[in-house]
Amino acid sequence: KKEISRQMECAQETLNDSLAVFFEMDSSLIDRVQQKEEVVDNLQKEIIQYLVELSQRQLGEDEAEKIPVLIHSVNDVERVGDHAINILELAQRRIGQKLPLGKEETEELRELVQIVHSMFSNTSSALMQEEPASAHVVLENEDRINTLQVDLKAQHIERVNRGGYNYLSGIIYIDFVDNMEKIGDHLSNIAQGVLRHLRWDAEISDSKV
C-alpha cells in the first residue's frame, strides 16, 4: 500500500507538471512530465510483480483476497498517468497552434483541477489507513466532477452558438474536461476498493467514520 501511495504521488506530480504546461504554456516541463510518467509505469510493473509473487505464497484468506483489488488499484494509478500524458499532448497542441482560452474557460477548468487534487489526497489517505470517511469524500467529489462535466459541455455549446469562438480551442477544452473526469473515475475506483475492505465480494461500507 505504501508503494501504491508512492506511485499515486508520482502520478499526481506528473499531472501537476502537465497542468503547468497547459495553463502556463511552458514547454520547459515537457521532458520532466514524460520522465515521471515512465516512473509511474515502472512502479506499476514492480508492484504487480511483487503482488503476483506474494499471491503464490501461503497467505491467510484475508490477505489473499486483497491482492486482486490492490493489483487493480495499481492499474488505476497507471491510467491516471496516461491521462496526465493526454493533457500534456493537449498542452503541446495549444502551444503549437497558439490556441487561446478565455478567463471564463480557464476558471472552469481550474475548478475541475481543484476537485481532482482533493481526490488525490483523500484517495491516498483512504488507502493507507483503510479509512471510510476519506473514501466517501472521494466518491462525493467524483459525483461533483460528473455533474460539472455535463454542465461545462452545455456551457461550451452555448458559447459556440453565440459565435466568435475558436473551435480548435473548444476541442481542447472538451478533451481536457473528459480527461479530468476519467482521472476522477480511476481515483474513485480505488476508493470503492477501500470501502469494500479491499475485497471484491464485500458490500460498500456506508460508514463514514
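Residues numbered from 1 in each chain as written. Predicted model: local features only at pLDDT ≥ 70, side-chain atom pairs only at ≥ 80, totals over all residues. Heavy atoms only, no water.

Student: Can you walk me through the overall build of the chain in this structure?
Tutor: Looking only at helices and strands, one finds six helices and zero strands in the chain. Along the chain direction, N to C, the helices and strands of the chain fall in the order α-α-α-α-α-α. For the chain, whose C-alpha radius of gyration is 19 Å, the value lies close to the compact-globule estimate of 17 Å for 209 residues. Expressed as lengths along the three principal axes of its C-alpha atoms, the size of the chain is roughly 65 × 35 × 20 Å. Partitioning the contacts of the chain with sequence separation of at least 6, the portion at a separation of at least 24 is 81%. When the 22 positive and 39 negative side-chain charges of the chain are each reduced to one mean point, those points stand 3 Å apart. (Helix = DSSP H or I, 4+ residues; strand = E, 2+ residues; numbered from the N terminus. Rg over C-alpha atoms; globule rule 2.2 N^0.38 Å. Contact = heavy atoms within 4.5 Å. Lys, Arg positive; Asp, Glu negative; His and termini not counted. Charge placed at Lys NZ, Arg CZ, Asp CG, Glu CD.)

Student: When you look at the packing of aromatic side chains in this model, what are you seeing that I'm missing?
Tutor: Working definition: an aromatic ring pair is given by the centre-to-centre distance plus the angle between the planes. Per the stated rule, a full pass over the model turns up three aromatic pairs. Taking the centre distance of 5.2 Å and the plane angle of 85° together, the rings of phenylalanine 22 and phenylalanine 23 count as edge-to-face. The class for phenylalanine 22 is buried, based on a relative accessible area of 0%. Aromatic pair phenylalanine 23 and phenylalanine 176: ring centres 5.7 Å apart, planes at 65°, arrangement edge-to-face. Here phenylalanine 176 lies in helix α6 (residues 167-195) and phenylalanine 23 lies in helix α1 (residues 2-24), a separation of 153 residues in the sequence. Judged by its relative accessible area of 0%, phenylalanine 176 falls in the buried class. (Phe/Tyr/Trp six-rings, centres within 6.5 Å; stacked < 30°, edge-to-face > 60°. Buried < 20%, exposed > 50% of the residue type's maximum accessible area, 1.4 Å probe, protein only.)

Student: It is not clear to me how unusual backbone geometry should be interpreted in this structure. Could you clarify?
Tutor: The bulk of non-glycine residues show a negative phi, and the bulk of peptide bonds are trans. One non-glycine residue, lysine 98, adopts positive backbone phi at about 50°. Here lysine 98 lies in the loop between α3 (61-96) and α4 (103-129). The exposure class assigned to lysine 98 is exposed, which follows from its relative accessible area of 70%. With phi around 60°, histidine 197 is a residue other than glycine that occupies positive phi space. Topologically, histidine 197 is positioned in the segment after α6.

Student: Help me understand the nonpolar core, please; the structure alone is not making it clear to me.
Tutor: Soluble globular proteins tend to pack their nonpolar side chains together in the buried interior. Grouped together as the largest cluster of nonpolar side chains are 60 residues, with contacts concentrated most on Leu15, Phe22, Phe176, Met180 and Ile183. Contributions of two or more residues to this core are made by α1, α2 (30-55), α3, α4, α5 (132-162) and α6. For this core, the element with the highest residue contribution is α3, accounting for 13 residues. Ignoring sequence-local partners within four residues, the contact set of methionine 180 consists of Leu15, Ile87, Leu112, Val113, Val116 and Ile145. (Core = buried A, V, L, I, M, F, W, Y, C linked by side-chain atoms within 4.5 Å.)

Student: Quick question: what am I supposed to make of the pattern of salt bridges here?
Tutor: It is possible for side chains bearing opposite charge to pair when their charged atoms get close. Evaluated as defined, the whole model comprises 15 salt bridges. Between arginine 110 and glutamate 24 there is a salt bridge whose closest N-O contact spans 3.5 Å. In this pair, arginine 110 is assigned in helix α4 and glutamate 24 in helix α1, connecting sequence segments 86 residues apart. Between glutamate 130 and lysine 66 there is a salt bridge whose closest N-O contact spans 3.4 Å. In this pair, glutamate 130 is assigned in the loop between α4 and α5 and lysine 66 in helix α3, connecting sequence segments 64 residues apart. (Salt bridge = Lys/Arg side-chain N within 4 Å of Asp/Glu carboxyl O.)

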